[in-house]
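Breakdown of the fold
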There are 2 protein chains.
Amino acid sequence: MTLNGLSKADQAHQHVLKGITSGQYKPGDRLVLSSIANELGMSVVPVREAIRRLQTDNLVTFERNVGATVTGIDPIEYQYTMETLALVEGYSTALCAPLVTAQTLTKARGINQQMRELLNEEFAPELFTELNEKFHLALFEHHPNPHILDLVHRGWNRLAALRSTTFTFVPSRAPDSVVEHDELLDLIADGAEFLVIEAAARNHRLNAMHAYLDHHAKANPKSF
Amino acid sequence: MTLNGLSKADQAHQHVLKGITSGQYKPGDRLVLSSIANELGMSVVPVREAIRRLQTDNLVTFERNVGATVTGIDPIEYQYTMETLALVEGYSTALCAPLVTAQTLTKARGINQQMRELLNEEFAPELFTELNEKFHLALFEHHPNPHILDLVHRGWNRLAALRSTTFTFVPSRAPDSVVEHDELLDLIADGAEFLVIEAAARNHRLNAMHAYLDHHAKANPKSF
DNA sequence: TTCGGTAAGATCGTATACGATCTGTACTAA
DNA sequence: TTAGTACAGATCGTATACGATCTTACCGAA
């Protein structure tokens, strides 16, 4: 119970969330309440609650009397998520820019350097994506609006669930991304205007989206 | 059951949501599972699920082993919500602008005219707020990104819950709002640039926020 | 008086049980 | 063969029951 201070419902929520973002549960997989309950050694009631919570975040699709499935990968859904993320990340970056300390700036440059080095080796999309989130999270250190920060995290979770991290499908996008990161840091260091930083950060994400969509359009020319 | 095609959990969700947005349940009110279950003639299980869903939307605050309360009114929370709303409403307005038909534009002008007429009579904040949402919703008719539209609705629900609709506390803001609406419509009709429309719509909301915060600072000079 | 502890009431957290609904399959009739 | 039906299995939806936890009020000791 108080083993870790978490209710069983919370445990179930974390378990399934981790399962989805880690790829253990893949898009389209069914999430059967009783099975998960057995896995975790609890009854279905807390599991049910956890699943419904994930539904609110659009991580699972729930059909009455049928069951839950991990929300499927779908270019349209991907586009919705990326656009939303561009919006909230862009604004967050601009909002946090004046609050970024020199120390944080150094840390961010270090992370981006790690990313740059990754480009030379055998490219590892997973690791690259992880560093990418770390980079942006560092810039959001002193976020003045927790609601918006929460939306950023929800977007990231959703992307992880979709497994269509841009870098997985369009690795050629990675070098551009690193360059844009540096540009972003320069703007912040120079104390650029709010709207300038916002536009840069927003476009940073939108560029990734368009790279993926172009890629997808070429791969599936039939689907209009 | 299939009385209306809704599960009991959904019924409970709608009931409590309506109770909160309508003001029947006021901020700080306790939401006791068993009481609500009795009211609705069902067991606590569906009610519990409904409450947890509302928690995800920050409409209720849930404390372990203690219970749920309607999220309280708090200038900080208000600020968070308004800022988030400014962000998503502003972007939505710009995104939808090219899709707004002449017919919709006329409808929006009609709604704004109703609002203008309200200014002369005994001012009714509730009605004014309702028309205000109708106005903006009309502009979002063909919203290309349902995720973002969803965020707008969540923000509206939250504001309704907080009952600190700006117009209730700062009625003097209402005339400015009507003027800004007209300016917004002109921009849309003229096919103004994306960023111009976005900035106008965003500031429209932010102005309301600042009007309230100024008002509050004057009323409570001690709490900085 | 005041502090600490204990017991009672209220409420939540979860397990279990069972009815409701969906899905797929096998069987029958045309 | 094929369409339709009926049955069985799987899974969800909800009610009920009970243990866990919090809050409060009361009481005794310093």
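Computed from a prediction, not measured in an experiment: that's the story for all the values here.

**Observations concerning helix α3 (residues 44-56) of chain B**
Residue and element names in this part refer to chain B. If you check α3, its first and last C-alpha atoms are 19 Å apart, about what 13 residues at 1.5 Å a residue would give, namely 18 Å. What α3 keeps buried is the set Pro46, Val47, Glu49, Ala50, Ile51, Arg52, Arg53, Leu54 and Thr56. One or two residues past the end of α3 sits Asn58, with phi positive at roughly 65°.

**Remarks on the pattern of salt bridges**
Applying the stated criterion to the full structure yields 26 salt bridges over all chains. Among the ionic pairs, A:Arg109 bridges to A:Asp186, the shortest N-O distance being 3.2 Å. Remark: A:Asp186 occurs in helix α9 (residues 173-189) and A:Arg109 occurs in helix α5 (residues 102-120); sequence separation between them is 77 residues. Note that B:Arg154 and B:Asp57 form a salt bridge whose closest N and O atoms lie 3.1 Å from each other. Taken as a pair, B:Arg154 in helix α7 (residues 146-162) and B:Asp57 in the loop between α3 and β2 (60-63) lie far apart in primary sequence, 97 residues in all.

**Considerations on the nonpolar core**
Counting residues in each nonpolar core, the largest one holds 82 residues, and the members touching the most others are A:Leu139 and B:Leu139. Once residues within four sequence positions are removed from consideration, A:Leu139 is found in contact with A:Cys96, A:Val100, A:Ala108, A:Leu185 and A:Ile188.

**As for the interface of chain B and chain A**
Facing 33 residues of chain B, the contacting portion of chain A comprises 33 residues. Both sides of the chain B and chain A interface together cover about 2,900 Å² of buried area, and 51% of this is carbon and sulfur. At the boundary of chain B and chain A, one finds six salt bridges. The shortest N-O distance in the salt bridge between B:Glu49 and A:Arg48 comes to 2.8 Å. Looking at which element gives the most residues to the side of chain B that touches chain A, the answer is helix α4 (residues 75-96) of chain B, with nine residues.

**Some points on the sheet that holds β2(B)**
Residue and element names in this part refer to chain B. Ordered in space as β1-β3-β2, the three strands form an open sheet in which the pairing is antiparallel. In this open sheet, the two strands that pair with only one neighbour each are β1 (30-31) and β2. Pairing of β1 with strand β3 (residues 67-70), which is carried by two bridges, proceeds in the antiparallel orientation. Note that in β3 the partner of Leu31 across the bridge is Ala68. Each of β1, β2 and β3 is contacted by α3, which is oriented at about 115° to β2, the strand it contacts most.

**Topic: the protein's contact with DNA strand C**
Looking at DNA strand C, there are 20 residues lining it, with A:Lys8, A:Ser43, A:Asn65, B:Arg48 and B:Asn65 nearest. A share of 90% of the atoms of DNA strand C within 4 Å of the protein falls on sugar and phosphate groups. Between DNA strand C and A:Lys8 there is a distance of 2.5 Å, counted from a phosphate oxygen to a backbone nitrogen or oxygen. Going through the elements one at a time, α1 (8-22) and α3 (44-56) of chain A together with β1 of chain B are the ones with two or more residues in the surface near DNA strand C. Taken together, the residues of the surface near DNA strand C break down into ten nonpolar, six polar and four charged.

**Remarks on the packing of helix α4 (residues 75-96) of chain A against α4(B)**
At a minimum axis distance of 11 Å, the contact between α4(A) and α4(B) shows a crossing angle of 130°. Accordingly, the angle class assigned to the pair α4(A) and α4(B) is oblique. Crossing geometry of α4(A) relative to α4(B) is assigned as right-handed. Contacts between α4(A) and α4(B) involve A:Glu83, A:Leu87, A:Val88, A:Tyr91 and A:Leu95 on the former and, on the latter, B:Glu83, B:Leu87, B:Val88, B:Tyr91 and B:Leu95. Its residues assigned to classes, the contact of α4(A) with α4(B) shows eight nonpolar, no polar and two charged.

**Focus: the protein's contact with DNA strand D**
Not every one of the 20 residues close to DNA strand D is listed here, only the nearest: A:Arg48, A:Asn65, B:Lys8, B:Ser43 and B:Asn65. Here, DNA strand D places atoms within 4 Å of the protein, and 90% of those atoms are sugar or phosphate. Contact distances for DNA strand D include 3.2 Å between a sugar or linking oxygen and a side-chain N or O atom of B:Asn65. Among the elements of the structure, β1 (30-31) of chain A together with α1 (8-22) and α3 of chain B are those that each provide at least two residues to the surface near DNA strand D.

**Digging into the sheet that holds strand β2 (residues 60-63) of chain A**
Strands sit in the order β1-β3-β2 (chain A) across an open sheet of three strands; the sheet is antiparallel. The outermost strands of the open sheet, each flanked by one partner alone, are β1 and β2 of chain A.

**Digging into the environment of A:Gln103**
Position of A:Gln103 relative to the elements: it lies in helix α5. Considered as a pair, A:Gln103 and A:Asn132 are 29 residues apart in the sequence and their alpha carbons are 18 Å apart.

**So, the pairing of β3(B)**
Regular strands place side chains that alternate from one sheet face to the opposite one. All names here are of chain B. Pairing of β2 with β3 involves four bridges; the strand directions are antiparallel. Within β3, the residue paired with Glu63 across the bridge is Gly67. Where β2 hands over to β3, the hairpin turn is made up of three residues, of which Asn65 adopts a positive phi near 60°.

**Quick word on the relation of the copies chain B and chain A**
Structural alignment of chain B on chain A gives an RMSD of 0.1 Å, achieved by rotating through 180° and translating 0.0 Å along the axis. Such values leave the two copies arranged in the relation of a two-fold axis. Comparing interface residues between copies, 100% of those in chain B also sit at the interface in chain A, which points to an isologous, same-surface contact.

Basis of the calculations
Residues numbered from 1 in each chain as written. Chains lettered and ligands numbered in written order. Predicted model: local features only at pLDDT ≥ 70, side-chain atom pairs only at ≥ 80, totals over all residues. Heavy atoms only, no water. Helix = DSSP H or I, 4+ residues; strand = E, 2+ residues; numbered from the N terminus. Expected span 1.5 Å × (residues − 1). Buried < 20%, exposed > 50% of the residue type's maximum accessible area, 1.4 Å probe, protein only. Salt bridge = Lys/Arg side-chain N within 4 Å of Asp/Glu carboxyl O. Core = buried A, V, L, I, M, F, W, Y, C linked by side-chain atoms within 4.5 Å. Contact = heavy atoms within 4.5 Å. Buried area = accessible area lost by both parts, 1.4 Å probe. Pairing = 2+ DSSP bridges. Axes fitted to C-alpha atoms, helices over the stretch in contact; angles between N-to-C directions. Near = heavy atom within 4 Å. Polar contact = N/O pair within 3.5 Å; in protein donor to acceptor, adjacent residues only side chain to side chain. Nonpolar A, V, L, I, M, F, W, Y, C, P; charged D, E, K, R; others polar. Parallel < 35°, antiparallel > 145°, perpendicular 65-115°, else oblique. Left-handed = near helix turned anticlockwise from the far one by under 90°. Least-squares fit on C-alpha atoms with pLDDT ≥ 70 in both.

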